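# Residue-level structure breakdown
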Amino acid sequence: MDVSTILDPLNDAQRQAVCAASGNVLVLAGAGSGKTRVLVHRIAWLMSAENVSPYGIVAVTFTNKAAAEMRGRIERLLGIPPSGMWVGTFHGIAHRLLRAHYKEAGLSQNFQVMDSEDQLRALRRVIRDMGLDDAKWPAREAQHFINARKDEGLRPQHLEHQHDPFLKHMIAIYTQYDSYCQRTGVVDFAELLLRNHELWLQHPEILQHYQRRFKHLLIDEFQDTNALQYAWVRLLAGKTAAVFAVGDDDQSIYGWRGARVENILQFNQDFAQASSFRLEQNYRSTGNILNAANAVIANNSGRLGKTLWTAGKTGEPIRLYSAFNEQDEAQFVVDRIAEWVEQGGTRQECAVLYRSNAQSRVLEEILIRHGMPYRVYGGLRFFERQEIKDALAYLRLLSHPDDDASFERIINLPPRGIGTRSVDAVRELARGGGISLWRALHHSIEHQQLAARAVESLKQFANHMARMHAAIKALSLHEQIEQVIHDSGLIAHYEKEKGERGRTRIENLQELISAGRAFSEAPPPTDSDQPVDPLAMFLSHAALEAGERQGDEWEDCVQLMTLHSAKGLEFKQVFLCGLEEGLFPHKLSASDASKLEEERRLCYVGMTRAMECLTLSHAEKRRLYGEETFARPSRFIREIPVEFLQEVRLRGSVSLALPSQPLPAQNETGLRLGQRVLHAKFGEGVVLNYEGQGRHARVQVNFSREGCKWLVMEYANLKQL
DNA sequence: CTCGATGAGTTTTTT
DNA sequence: ACTCATCGAG
């Protein structure tokens, strides 16, 4: 392949990164600077200029979408599918490895992957079985605790309770939960990675095999890696593989779920002789948008420091609208979109971004009133739907009878006269004998300790499952699914559900059959020498790749989504709504400087989604949790220099008469956000916010001892540290 | 088993 | 204000 095809479309900085001498490379790539492009071209470069076999390359991403996108772009660039190369998510790759080495990893051959909902149900079960009060020990909390520990690579035996009763319980639940998973042959998301990591540590020969094979590791969105993922990369890379990591510290918005930006800083120390490159030329946004975004993010401390620039147009100023309330705000946004469409734009070029999902409702109402089609991202995905999970539970139980969670889900669905009493009896038997519910079911039928009618129902269920098991044995995957959906009685069950809902449920179940057919036509690659059961693979696929959000993609729709889900996307028109203190930055992040910085990065991410036009809005009054709340405009608004802003005023009169009103000046307090200060009485603290000017200026300081306080500058007498 | 009352929680989300 | 899960009564 001609290298000019690879290098010609790149700018200097990109080309330098792509052609960097073989070794560890860190690319700091600002928003819209061609991050994925560099990754893809690097792979092509390795293959053509350095003669690296695709067999020796792994490329890791966070989402299935990103992995699919990358695979597609590699294929387009090379002209052939990159067979032999591993391109996938951390979890997808870990899953593939565990399937190949399930024995050494201590898993059963048909082990199943649990999604978060399954995990929560499992934890509820475990907590109840431990005889704990589930009101006092909420499963959610345990779920967070366990996932966070696993993401740090920690097992219960690594944890110390330090005589803290809370920790003591959490560790006990963690222990019980692990043994529940082991017993029933299920693995949660974090477990995939942790198990894989442990597999490598305990079986150096397996690790060596992969270290010898994979000479090049490429990692996307490196700022989002958590401690375990980082350790996983280090282990796989060993001393010899070359790691090519791409990320942007300014776009780290997942700290709250364990992502560690520090991994970027750590890179140069942990990966020998790493060279780093910066991509700062932006190809997406206008000059005004970039300058404004740069100004906002400049308020964060501890950045690696990048300044985006563009060779493109300055563009229009950023529009700012102060709405009276959230209806007014939504009305404004929808009117601007309507204008855009009138002038020949499309709706799908417009994105309305907000901090929290609850904000979509008012926007939707107004959009509906205008008859303007829209699409809300987020919400349930295909494989997460109730009816789909019901059908999958049948399939899982047939594929893996020890899967207690699936057993519990369908034992009385559709209702078949097996109530809590009977299930409790089966559960008791299972616990006493240390066996699965499925096996306990047969015992309880034989022992006849239950009422005759209950035993009869149990017997019928057991026979029913056995019949289905025999019936689907020789069938192809989609026939198996079809058979089970009908035989299980789920169709009949959901037909009874009245209205639209029942009908869509049935449609979804039909869709599941098609999903099965599509899956058998394009099965994922495997490495196991043993024959793999297509059903087991399909079930893992369903858990690992929950499928698309809602459809309607073909229609020209306005795009509604949270700032988090907008990461990685771009739109000509971006509307950033609800820029109010308390909402964005969110009040739950208000008392912690590092959380505030994450909010600011979120704002930066949102702003840099815009290509041509960015519109900001805030409402003076908003109904929140059923209460009218008044909020000041977000600090992020006044962090934008006024020369890039234009206030939009409606209702005719004022708009032309007054020049755009300057917003509260940049910083009248002489203090920097994040600045450490000393107060005579409250001690040391960090400046979080300020408002007003001159004598009336007030600052918000988070004191390490006294917590958050607003102080009047004139009297506070703060000393800078 | 289904229905309605009651109470808790309500930032962001992928795998 | 609204959703969602759980629980007791019919």
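It should be noted that the structure appears before, not after, this text.
Read on for a plain summary of the structure. Predicted, not measured: the structure shown is a model, and the values here were computed from it.

What counts, and where the lines are drawn
- Residues numbered from 1 in each chain as written.
- Chains lettered and ligands numbered in written order.
- Predicted model: local features only at pLDDT ≥ 70, side-chain atom pairs only at ≥ 80, totals over all residues.
- Heavy atoms only, no water.
- Phe/Tyr/Trp six-rings, centres within 6.5 Å; stacked < 30°, edge-to-face > 60°.
- Helix = DSSP H or I, 4+ residues; strand = E, 2+ residues; numbered from the N terminus.
- Buried < 20%, exposed > 50% of the residue type's maximum accessible area, 1.4 Å probe, protein only.
- Lys NZ or Arg CZ within 6 Å of the ring centre and 35° of its normal.
- Core = buried A, V, L, I, M, F, W, Y, C linked by side-chain atoms within 4.5 Å.
- Contact = heavy atoms within 4.5 Å.
- Arc of directions from axis to C-beta.
- Near = heavy atom within 4 Å.
- Polar contact = N/O pair within 3.5 Å; in protein donor to acceptor, adjacent residues only side chain to side chain.
- Nonpolar A, V, L, I, M, F, W, Y, C, P; charged D, E, K, R; others polar.
- Pairing = 2+ DSSP bridges.
- Axes fitted to C-alpha atoms, helices over the stretch in contact; angles between N-to-C directions.
- Salt bridge = Lys/Arg side-chain N within 4 Å of Asp/Glu carboxyl O.

Moving on, we come to the packing of aromatic side chains. For any pair of aromatic rings, the description consists of the separation of the ring centres together with the inter-plane angle of the planes. Taken as a whole and assessed by the stated rule, the structure comprises 19 aromatic pairs. Plain terms: the ring middles of F222 and F267 are 5.6 Å apart, the flat faces sit at 85° to each other, and that makes the pair edge-to-face. Residue F222 is located in the loop between strand 6 (216-219) and helix 11 (227-237), and its partner F267 is located in helix 12 (residues 262-270); the two are separated by 45 residues in the primary sequence. Consider the rings of Y321 and F332, whose centres lie 4.0 Å apart with planes at 10°: the pair is stacked. Residue Y321 is found in strand 9 (residues 318-325), and its partner F332 is found in helix 14 (residues 326-342); the two are separated by 11 residues along the sequence. By relative accessible area, Y321 is classed as buried at 1%. Under the relative-accessibility criterion, F332 is labelled buried at 1%. Against the face of F111 rests R99, its NZ or CZ located 4.0 Å from the ring centre. R149 extends its terminal NZ or CZ atom over the ring of F145, reaching a point 4.8 Å from the ring centre.

What follows covers the nonpolar core. The biggest cluster of nonpolar side chains holds 66 residues, and the ones touching the most others in it are W200, Y210 and W232. Looking at this core element by element, the count peaks at eight residues for helix 8 (residues 165-184). If near-sequence neighbours (up to four positions away) are discounted, W232 is found in contact with V60, F90, I93, L97, L193, N196, H197 and W200. Within the second largest apolar cluster, 48 residues are counted, among which are L397, L458, A462 and L477.

The next thing to look at is helix 21 (residues 477-487). All of the buried residues along helix 21 are L477, H478, Q480, I481, V484 and I485. For helix 21, the angular spread of the buried residues around the axis is 155°, confining them to a single face. Against helix 16 (386-399), helix 20 (452-472), helix 22 (490-495), helix 23 (499-521) and helix 24 (534-544) lie the buried residues of helix 21. Positive phi appears at G489, one or two residues downstream of helix 21, with a value of about 85°.

The next subject is the protein's contact with DNA strand C. Around DNA strand C, the neighbouring residues are R124, R361, R623, Y625 and G626. Among all atoms of DNA strand C positioned within 4 Å of the protein, those belonging to sugar or phosphate total 53%. Contact distances for DNA strand C include 3.3 Å between a phosphate oxygen and a side-chain N or O atom of R124. Tallied by class, residues from the surface near DNA strand C come to one nonpolar, one polar and three charged.

Next up on the list: the sheet that holds strand 2 (residues 57-61). Within the open sheet, the six strands sit side by side as 3-2-6-7-1-8. Their pairing is parallel. On the outer flanks of this sheet lie strand 3 (86-89) and strand 8 (275-279), each paired with one strand and no other. The sheet shows a mean angle of 15° between the axes of neighbouring strands, direction not considered. Examined bridge by bridge, strand 2 and strand 3 share four bridges and lie parallel to one another. Note on strand 3: the bridge partner recorded for V58 is W86. Helix 5 (residues 90-100) contacts strand 2, strand 3 and strand 6 of the sheet and is inclined by roughly 115° relative to strand 3. Here helix 11 sits on the sheet in contact with strand 2, strand 6 and strand 7 (242-247), set at roughly 160° to strand 6.

So, about the pattern of salt bridges. Applying the stated criterion across every chain yields a total of 46 salt bridges. A salt bridge links R623 to E628, with the shortest nitrogen-to-oxygen separation between them at 3.8 Å. Because the salt bridges share partners, they merge into one network encompassing D115, E117, D118, R121, K389, D390, R396, D403 and R409.

On to the pairing of strand 13 (residues 571-576). Summarising burial for strand 13: five of the six residues are buried, a large majority. Judged from the four bridges that link them, strand 10 (residues 350-354) and strand 13 form a sheet pairing that is parallel. Residue pairing for strand 13: A351 is matched across the bridge by V574. Looking at chain direction, strand 13 and strand 14 (residues 610-624) are connected through five bridges and run parallel. Each residue of the ladder has a partner; that of F575, found in strand 14, is T615.

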